[in-house]
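Below are the chains, spelled out letter by letter.
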Amino acid sequence: MAEILEARHISKNYGGVRALKDVTFTAYRGQVNVLVGENGAGKSTLMKILSGSEQPTSGEIVLEGETVQLGSPRAAQALGIGIIHQELSLFPNLSIAENLFAGRELRKGGRFVDAAGQRRRAREVLERLGQDRLDPDTLVGDLPIGQQQLVEIGRVLLEDVRVLIMDEPTSALSNHEVDVLFEVMGDLRRDDVTVIYISHKLDEFRRIGDWVTVFRDGRLVAHESMSKTDTGWIVRQMVGRDPDSLYVRNSSPVGDVLLEVRGLTVPGTVAVDDVSLSVRAGEVVGIYGLMGAGRTELMETLMGMRRATAGEVFVRGEKEPKSTVQARMAAGLALVPEDRQRDGLVQTMTVRDNILLATIAKLTRGGLLAGPAEQRTARDKVSELAIKIPGLGALVTALSGGNQQKVVLARALLTEPIVLLLDEPTRGVDVGAKSQIAGLMAELAARGFGVLFISSELAEVMAMADRVLVMARGRITAEFTAENVTEEALVTASASESALEASA
Amino acid sequence: MTDTDVAAPAPTAAAPQPEESRTALKRAALLLLRGRTLVVLVVLVIIFSSISSEYLTQSNLILMTKHVAINAILAIGVTFVILTGGIDLSVGSIAGLSSMVAGGLLFKGLNVPGGTVFFSVAVVILIGIVVGALVGAVNGLLITRFKVAPFIATLGMLYVARGAAQLHSNGGTYPDLAGTEARGNTGFSFIGVDSLLGIPVAVWIMVVVAAVAIVVTTRTPFGKHIFAVGGNERAAVLSGIRVNRVKIAVYVISGACAALAGLLLTSELGAAYPDTATTYELNAIAAAVLGGTALSGGRGTIIGTVMGAFVIGFLSDGLVLVGVSTFWQSVVKGAVIIFAVITEQAQQRLQSSLTRHTA
């Protein structure tokens, strides 16, 4: 097994914080090298160093036996090291071909863009990515997220890439899109390209990886051939404890129906089509489905953010006449949105203000805010949900993903809901925070809340939900109880038609 | 979603010395940047008073503060709007319109069937402010109901309100606002000319407006809602905040403040011109920006805006006093505003680099 890229004794300090502590990492040629670890474990820092956008405090990098200086992303690129970041960096207003060549346009006569040449090369790259049906002139903004991800990979493939670093490329992809991506990775491997792949999704990277390297607290704690590991071993290395304790199953007795939905229909590009469901007190109900299946739209409609053209919503047996956020909140619904940054947090505000945002109007005396009451209310929620914060007055952006999620959850709980709507509550949070959030959901159910949550992760939805509803193309296509649910059944019910094919 | 891969603990005692002193230096720089408007103001006063002995006299300070008052009131209103992520370009025109409405009521009264009615000064002032608030409400409705971008809606209103001001008198001036005892409408000069306890009434009014605005923005739920709407509108909607109401309210506040400023100016001049307060919106926005209000919304303070108005006013009057030509005055004023925004960004960068390390 030949090493291609080695990072030797790398340490990296940010101010007083040591993000990497004497890490020696090896990537093998023509293999998929998987990096795992909780948020803050040091994976992304190492990748930033290997791709030239950060410099190590100490240590050296060896590429094919030679010590190299990666002073800038451009220098790394010149040596054949390319990186695909977690967030897409494409221009939605430009075509696929223009995106592929952005910043390094092919020239004609030294001055003008060679559009025809770019189109031709773009077609070749798309073919290599198995997307020969795609027109290079298509606007990237019109593509589904999975194909956008492939365009991003295409950008790297245009260069002569020897090492391709991928930082959580699947976090926004549907299962089918992940399959396509993995096929492409298989092809790259055959072309002798080395892949370094960062992921949080245990079931996914086990399919594709050859080697697995585990990071914890800035240290490399384990490095093993994938075939010699199992999921339990990886999770134990990541969190330093047993994976069985990861998810907590709700086992509280079920009470009255708290939320009932009948025939809810919302038109739109992603529609909700004749959805009926119910959630009882003490029950945790999961909605599984692919992205674009209408799950988020269903939640937003329940919360009064979208108008339904047909259907009824009952809370505690009473029909809800008004579909405004205020009315639904007063009735006892609370939504924790999927995209924290876009829909959840006010980034310019403090932790305290974010927690109190929905209920601040109640914390007044004589029309003015009651400072001590604010402080007390916020502090109580912080300790109840075990939110790790530098202080209530700190900006909310200073928190980690999991703690930001808890801030949004705290705000929802303060509205005194009876049914909690959680849209992908564990997306983008590390394993430890995942487990805590799962525990909170079970605890809330035990306290008599109804919990309705969306998940794209099979393991999670199977482990946490008392009942699982499957959504595809706006409809509920199947319903399972915790006893009769299987992975195969869920996948089959969710993939009546895959998102990628539908839009191609 | 950003997952920063930097571990969370606070800097340990084992951290190397240079790092610590650099952080301390950064903190000091940040403190200086936060208080930069005050720093600039102090520097201005020092410079001008060393050039001209006139500058730091009591009478000149009072005079300059009176000039500041009108812009400060306009700027406070505009700050409410900018905090929600909007902009109000129509405040100068609203000031002009309310000036003409009030001037007309004082000079020629209101024609009603059966004769002409004159209102007392207090009622005239109230009507003037209500007119401004109503124009602001129209701005708010255009922006919320008809989804017109704030820049466009208020740019349109800039022309409409100015046109309305000119139509009010067919382009003419209401030259005499003194009123008569018989009509019971004397005393309009009180707000713009007179003094209380040696300080101009206009300055007292500015102090009251600023105090109320500070309480509203920092100590009421409505204030928090303003910051939330400007910081992240979608999150505000999801938190049950009536975003459209908040937006309409801030344009109403801005319109009312503009009208009040227009009335002060009119009272000071003793006559109502349709061109009153032309381009004042730019000075108001400049004061807000200079005071650290982010045009992207969600960040800023009333006190900062007031300080910004002081810097602009003290700078303008200082340049006049030391005899700098009006052309150079414009250049200097513009340069100061641009410099302010650059330092604002430096502050943001420094702040985020510090929180990243201590989070």
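Caption draft 1: Quick peek at helix α8 (residues 201-219) of chain B. Residues and elements named next belong to chain B. Here α8 is 19 residues long and its end C-alpha atoms lie 26 Å apart, about the 27 Å a rise of 1.5 Å per residue gives. Inspection of α8 places Ala-202, Ile-205, Met-206, Val-209, Ala-210, Ala-213 and Thr-217 among the buried residues, and these make up the whole buried set. For α8, the arc enclosing every buried residue in end-on projection is 130°, short of the 170-degree limit, so these residues lie on one face. Seen from the open side of α8, the exposed residues pointing more than 90 degrees away from its buried face are Val-208, Ala-211 and Val-212. Looking at the buried positions of α8, the neighbouring elements they touch are α3 (58-83), α7 (189-192), β4 (199-200), α9 (221-231), α11 (243-269) and α13 (302-321).

Caption draft 2: Just the sheet that holds strand β12 (residues 219-225) of chain A, in detail. Residue and element names in this part refer to chain A. What the six strands build is an open sheet, ordered β6-β9-β10-β3-β11-β12; its pairing is mixed. Where the open sheet ends on each side, the last strands, each with one partner, are β6 (81-84) and β12. Each strand of the sheet is rotated relative to its neighbour by a mean of 20°, with strand direction disregarded. In the packing of helix α1 (residues 43-50) onto the sheet, the strands contacted are β3 (32-37), β6, β9 (163-167), β10 (194-198) and β11 (211-216), and the crossing angle to β9 comes to about 145°.

Caption draft 3: Quick look at the pairing of strand β21 (residues 419-423) of chain A. Residue and element names in this part refer to chain A. For β21, the tally of buried residues reaches five of five residues, placing the bulk of the element in the interior. Of the two faces of β21, both are covered, the one formed by Val-419, Leu-421 and Asp-423 as well as the one formed by Leu-420 and Leu-422. Relative to β21, strand β18 (residues 333-336) runs parallel, the two sharing four bridges. Note on β21: the bridge partner recorded for Val-336 is Leu-422.

Caption draft 4: Layout of unusual backbone geometry. Its identity is not glycine, yet Glu64(A) carries a phi of approximately 50°, on the positive side. Despite not being glycine, Asn170(B) has its phi angle at roughly 55°, a positive value. Asn170(B) sits in the exposed class, given 7 other C-beta atoms within 10 Å.

Caption draft 5: Summary view of the nonpolar core. By size, the foremost hydrophobic cluster in this structure holds 180 residues, and its most contacted members are Leu421(A), Val451(A), Ala72(B), Ile73(B) and Leu74(B). In terms of residue count, the dominant contributor to this core is α11(B) (15 residues). Per-domain counts for this core show at least three residues from each of domain 2 (257-332 + 417-503) and domain 3 (346-415) of chain A. Once residues within four sequence positions are removed from consideration, Leu74(B) is found in contact with Val91(B), Ala95(B), Cys257(B), Ala258(B), Ala261(B), Tyr280(B) and Ala284(B). Among the nonpolar cores identified, the runner-up in size contains 69 residues, and Phe25(A), Val151(A), Leu157(A) and Met238(A) belong to it.

Caption draft 6: Region of the structure containing the packing of helix α2 (residues 36-51) of chain B against α13(B). Residue and element names in this part refer to chain B. Where α2 meets α13, the closest approach of the two axes is 9 Å, and the angle between their N-to-C directions is 20°. Judged on the interaxial angle alone, α13 and α2 are roughly parallel. Judged by the sense of rotation from one axis to the other, the crossing of α2 with α13 is left-handed. Of the residues in α13, those touching α2 at Thr-37, Leu-38, Val-40, Leu-41, Leu-44, Val-45 and Phe-48 are Gly-304, Met-307, Gly-308, Phe-310, Val-311, Phe-314, Leu-315, Gly-318 and Leu-321. Its residues assigned to classes, the contact of α2 with α13 comprises 12 nonpolar, four polar and no charged.

Caption draft 7: A look at the domain arrangement of chain A. Residues and elements named next belong to chain A. In terms of domains, chain A is made up of domain 1 (3-240), domain 2 (257-332 + 417-503) and domain 3 (346-415). Just the C-alpha atoms count here: the centres of domain 2 and domain 3 sit 26 Å apart. If you look at the interface, domain 2 gives 11 residues, while domain 3 gives seven residues. Considering each element in turn, the side of domain 2 that touches domain 3 owes the most residues, four residues, to helix α15 (residues 431-446). Broken down by class, the residue content of the side of domain 2 that touches domain 3 amounts to eight nonpolar, two polar and one charged.

Caption draft 8: View of the pairing of β12(A). All names here are of chain A. Where β11 lies against β12, six bridges are found, and the strand directions are antiparallel. Its bridge partner lying in β12, Val-212 is registered against Glu-224. Taken together, β11 and the strand that follows it, β12, pair antiparallel across an intervening segment of two residues, in which Asp-217 is found at a positive phi of about 55°.

Caption draft 9: Spatial organisation of the environment of Ala75(B). Examined against the element boundaries, Ala75(B) turns out to sit in helix α3. Sequence separation of Ala75(B) and Val289(B) is 214 residues, and the distance between their C-alpha atoms is 9.5 Å.

Caption draft 10: How the structure looks around the confidence of the model for chain A. In the predicted model, chain A carries a mean pLDDT of 85, and 94% of its residues have values of at least 70. This model gives residues 497-504 of chain A a pLDDT under 50, and the stretch forms 19 contacts once residues within four places in sequence are excluded.

Caption draft 11: Here's a closer look at the sheet that holds strand β14 (residues 272-280) of chain A. All names here are of chain A. Across the sheet, four strands lie side by side as β14-β13-β16-β17; this open sheet has antiparallel pairing. Of all strands in the sheet, those bounded by a partner on one side alone are β14 and β17 (318-319). Note: strand β16 (residues 310-315) against β17, two bridges, orientation antiparallel. Looking at β17, one finds that Phe-314 is bridged to Lys-319.

Conventions used here
- Residues numbered from 1 in each chain as written.
- Chains lettered and ligands numbered in written order.
- Predicted model: local features only at pLDDT ≥ 70, side-chain atom pairs only at ≥ 80, totals over all residues.
- Helix = DSSP H or I, 4+ residues; strand = E, 2+ residues; numbered from the N terminus.
- Expected span 1.5 Å × (residues − 1).
- Buried ≥ 20, exposed ≤ 12 C-beta atoms within 10 Å, placed from the backbone.
- Arc of directions from axis to C-beta.
- Contact = placed C-beta atoms within 7 Å.
- Pairing = 2+ DSSP bridges.
- Axes fitted to C-alpha atoms, helices over the stretch in contact; angles between N-to-C directions.
- Core = buried A, V, L, I, M, F, W, Y, C linked by C-beta atoms within 7 Å.
- Domains from an automatic or database assignment.
- Parallel < 35°, antiparallel > 145°, perpendicular 65-115°, else oblique.
- Left-handed = near helix turned anticlockwise from the far one by under 90°.
- Nonpolar A, V, L, I, M, F, W, Y, C, P; charged D, E, K, R; others polar.
- pLDDT = per-residue confidence, 0-100.

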